[in-house]
Amino acid sequence: DTAVSQTPKYLVTQMGNDKSIKCEQNLGHDTMYWYKQDSKKFLKIMFSYNNKELIINETVPNRFSPKSPDKAHLNLHINSLELGDSAVYFCASSQDAATTGELFFGEGSRLTVL
Amino acid sequence: GEDVEQSLFLSVREGDSSVINCTYTDSSSTYLYWYKQEPGAGLQLLTYIFSNMDMKQDQRLTVLLNKKDKHLSLRIADTQTGDSAIYFCAEISTSNTGKLIFGQGTTLQVKP
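All values reported here derive from a predicted model rather than from experimental measurement.

Undergrad: Looking at this structure, how should I read the sheet that holds strand E8 (residues 73-78) of chain A?
TA: Residue and element names in this part refer to chain A. Spatially, the four strands line up as an open sheet ordered E1-E3-E8-E7, and their pairing is antiparallel. If you trace the sheet from one side to the other, it starts and ends with strand E1 (4-7) and strand E7 (64-70), each paired once. Neighbour-to-neighbour, the strand axes of this sheet turn through a mean angle of 20°, independent of strand direction. In terms of strand pairing, E7 meets E8 through five bridges, oriented antiparallel. Looking at the pairing, Asp70 lines up with His73 of E8.

Undergrad: Looking at this model, I keep getting lost on unusual backbone geometry. Mind explaining?
TA: Excluding glycine, a negative phi dihedral is what most residues carry, and trans is how most peptide bonds are arranged. The omega torsion of the bond from Thr7(A) to Pro8(A) falls at -5°, within 30 degrees of zero and hence cis. Topologically, Pro8(A) is positioned in the loop between E1 and strand E2 (10-13). The phi torsion at Lys41(A) lies on the positive side, around 75°, for a residue other than glycine. Examined against the element boundaries, Lys41(A) turns out to sit in the loop between strand E4 (31-37) and strand E5 (43-50). Backbone geometry places Lys70(B), a non-glycine residue, at a positive phi of 55°.

Undergrad: Looking at this model, I keep getting lost on the sheet that holds strand E8 (residues 71-76) of chain B. Mind explaining?
TA: Strands in a sheet are paired, the pairing made by backbone hydrogen bonds, and the direction either parallel or antiparallel. Residue and element names in this part refer to chain B. If you walk across this open sheet you meet the five strands as E1-E3-E8-E7-E6, and the pairing is antiparallel. The open sheet has two free edges, formed respectively by strand E1 (4-6) and strand E6 (55-58), since each of these has just one partner strand. Adjacent strand axes in the sheet meet at a mean angle of 15°, parallel and antiparallel pairs treated alike. Where E1 and strand E3 (residues 18-24) come together, three bridges link them in antiparallel fashion. For Gln6, the partnering residue across the bridge sits in E3 and is Cys22.

Cut-off values and rules
- Residues numbered from 1 in each chain as written.
- Chains lettered and ligands numbered in written order.
- Predicted model: local features only at pLDDT ≥ 70, side-chain atom pairs only at ≥ 80, totals over all residues.
- Heavy atoms only, no water.
- Pairing = 2+ DSSP bridges.
- Helix = DSSP H or I, 4+ residues; strand = E, 2+ residues; numbered from the N terminus.
- Axes fitted to C-alpha atoms, helices over the stretch in contact; angles between N-to-C directions.

Here is the structure:
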């Protein structure tokens, strides 16, 4: 069983479109995250939710909107996609906000904006 | 500001030891981490060290921490081709609880 699963794995779309990436974890963790990895493999946190509440909101454009319907799910919706949004987006979870260094990552969703 | 730096590339021969180095800026970090990313996959936690320790050993992995110099290293003994991956050093931001700051990653290439 996959602990942290994201869909879709690959996403190719045109500039200006709106798209969503879904994430689910079956580990019973309280805290979930979205990270962005650029073409140089640099990894940066975007958002973090603890028990459905937003606790980290990095400086990302407000075109990016996370939603956590329950603590096992954290989805990422992106409006008006731009070329610079092309990256691999990773969902991750940790047992709670205190164990934020011990992350379990999904396999990533590679977004390509044309 | 907080920053974690690593060299970008390391190439070794199978059977040799690999040493991946990392420097960090936040001296208040309580834990420091090493993650491994295989091609096309997410990151996987390899090991971590508490800041009051100098060394931690886990099978083929040895982590060394020099707090004075803010230097962390990961040594892989008897490196295998399956160890080829990107290795990320990370620290937790003490100015923003819950934010893990990653280095740029070191690509380890293991030649047969």
